[in-house]
Amino acid sequence: MNTAIPKANPSVVHLLSSSGVERQIRRGKAVLRELKAALEDLEDRRELAAVKKRNAGKPGTSLRQAAKELGL
């Protein structure tokens, strides 16, 4: 029976160090922020597509008329 303890892989030890864990957490949070922004953009695009479909064929309002109605 071999009772020798294998040497730890340096990359694994680094990931388990507190600085390695903190770095992973910061990177994970950054990835989550990027994913959240991308998801919000996709939801906006879906909503815009639905509005365009719902309003297809309806007369629009010119920018000049909209500005006048808003008092701009």
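Predicted, not measured: the structure shown is a model, and the values here were computed from it.

Asks: Explain the overall build of the protein chain to me, please; I cannot follow it from the model alone.
Replies: Helix and strand content of the protein chain: three helices and zero strands. Sorting the 72 residues of the protein chain into buried and exposed places 3% on the buried side. Accessible area of the protein chain: about 7,100 Å², with a carbon and sulfur share of 60%.

Asks: Hey, could you run me through the pattern of salt bridges in this one?
Replies: Opposite charge on two side chains permits pairing when their charged atoms draw close. According to the stated counting rule, one finds one salt bridge in the structure shown. Among the salt bridges present, the one from E34 reaches R27, with a minimum N-O distance of 3.8 Å.

Asks: Honestly, helix α3 (residues 63–70) in this entry has me stumped. Any pointers?
Replies: Residues spaced three or four apart along an α-helix face the same direction, because each turn holds 3.6 residues. Burial of α3 is sparse: only zero of the eight residues sit out of reach of the surface. Backbone geometry just after α3 places G71 at a positive phi near 75°.

Parameters at a glance
Residues numbered from 1 in each chain as written. Predicted model: local features only at pLDDT ≥ 70, side-chain atom pairs only at ≥ 80, totals over all residues. Heavy atoms only, no water. Helix = DSSP H or I, 4+ residues; strand = E, 2+ residues; numbered from the N terminus. Buried < 20%, exposed > 50% of the residue type's maximum accessible area, 1.4 Å probe, protein only. Areas by Shrake-Rupley, 256 points an atom, 1.4 Å probe, with all protein chains shown as cover. Salt bridge = Lys/Arg side-chain N within 4 Å of Asp/Glu carboxyl O.

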